[in-house]
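Here is what each chain is made of, one letter per residue.
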Amino acid sequence: MIIDLKNITEELLVKKALDRDWWVVQDEDDQILGLETPLELDIKVSRAGEKYLVKGEIAGGVRVRCDRCLEPFRWDFKSAFSVYLVVPEPTTDQADIELLEEEMEVDFTEGEAVELDQIIKEQVYLSLPMKCICKDDCLGLCPGCGVNLNREACQCKQETGHPAFSKLQSLMENRG
Ligand SMILES: [Zn+2]
Ligand SMILES: [Zn+2]
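A quick note: this is a predicted structure, and the numbers were derived from the prediction, not measured.

Colleague: How should I be thinking about the coordination of the zinc ion (ligand 2) in this particular structure?
Modeller: Each angle at a metal carrying four tetrahedral donors should ideally be 109.5 degrees, and each at a metal carrying six octahedral donors should ideally be 90 or 180 degrees. Of the protein atoms, only Cys 142 (SG), Cys 145 (SG), Cys 154 (SG) and Cys 156 (SG) coordinate the zinc ion (ligand 2), at distances of 2.1 to 2.3 Å. If you list the donors of the zinc ion (ligand 2) from N- to C-terminus, the spacing comes out as C-x2-C-x8-C-x1-C. Residue Cys 154 is classed as buried on the basis of its relative accessible area of 7%.

Encoded structure:
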């Protein structure tokens with residue numbers, strides 16, 4: 001979805017839903033494994049002096065991997081955001097652009113057009129929690145044998161005592 005900033009006289013509204021297949025998973029190890037629902041966009045692109053303001057809301061459900069048990073699960077979110085865009089002068093070089101982006105907290109576009117998809121993707125990543133946990137009481141994987149403890153109990157469980165003690169024990173074993 002490319003937006004031509006030149007053509008924006010006052011503001012441009014993007015109110016639509018992106019289909020589930022809009023999100024293409026590039027890498028199996030990625031934090032987001034696809035969309036569970038269409039992404040609802042309610043975004044406004046407007047001029048703000050020399051800059052452009054992209055402001056709005058994104059809502060939907062994404063498929064993420066639990067950081068504790070590694071199982072994929074659905075995570076629903078609604079994110080309000082705003083991003084300032086600046087069209088670079090033709091003379092500004094890449095190093096300066098990166099510096100200015102940090103200083104001014106803006107994103108530079110490539111030329112007069114902006115790829116809205118990229119901004120949306122970034123915002124979806126930013127709206128993820130620091131840790132994605134499938135449920136509060138997720139038991140995670142057994143550090144010993146790797147089974148998902150939400151689904152099965154494993155043998156090692158009975159042998160380990162206090163976690164600190166078993167750590168010490170395994171250190172001693174490794175040494176011997
Ligand atoms: Zn989990
Ligand atoms: Zn185990």
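Colleague: I'm lost on the coordination of the zinc ion (ligand 1) in this one. Help?
Modeller: Protein ligation of the zinc ion (ligand 1) involves Cys 66 (SG), Cys 69 (SG), Cys 134 (SG) and Cys 138 (SG), the donor distances falling in the range 2.3 to 2.4 Å. One can describe the site at the zinc ion (ligand 1) as tetrahedral: its 4 donor atoms subtend angles covering 105 to 114° at the metal. Counting residues between consecutive donors of the zinc ion (ligand 1) along the chain gives the motif C-x2-C-x64-C-x3-C. One end of the pair, Cys 66, is in the loop between β5 (51–65) and β6 (72–86); the other, Cys 134, is in the loop between α2 (116–126) and α3 (156–159), with 68 residues separating them in the sequence.

Colleague: How should I be thinking about the pattern of salt bridges in this particular structure?
Modeller: Where charged atoms from two side chains of opposite charge approach closely, those side chains can pair. Applying the stated criterion across every chain, the model contains 7 salt bridges. Across the salt bridge formed by Lys 44 and Glu 11, the nearest N and O atoms sit 3.8 Å from each other. Here the residue Lys 44 occupies a position in strand β4 (residues 39–48), and Glu 11 occupies one in strand β2 (residues 11–18), the gap between them amounting to 33 residues. Residue Lys 44 is classed as partly exposed on the basis of its relative accessible area of 33%.

Cut-offs applied
- Residues numbered from 1 in each chain as written.
- Chains lettered and ligands numbered in written order.
- Predicted model: local features only at pLDDT ≥ 70, side-chain atom pairs only at ≥ 80, totals over all residues.
- Heavy atoms only, no water.
- Donors = N, O, S within 2.8 Å, 3.2 Å for Na, K, Ca; no water.
- Buried < 20%, exposed > 50% of the residue type's maximum accessible area, 1.4 Å probe, protein only.
- Tetrahedral: all angles 85-135°; square planar, octahedral: opposite > 155°, others 65-115°.
- Helix = DSSP H or I, 4+ residues; strand = E, 2+ residues; numbered from the N terminus.
- Salt bridge = Lys/Arg side-chain N within 4 Å of Asp/Glu carboxyl O.

Note that all results are geometric; they support no functional claim without further evidence.
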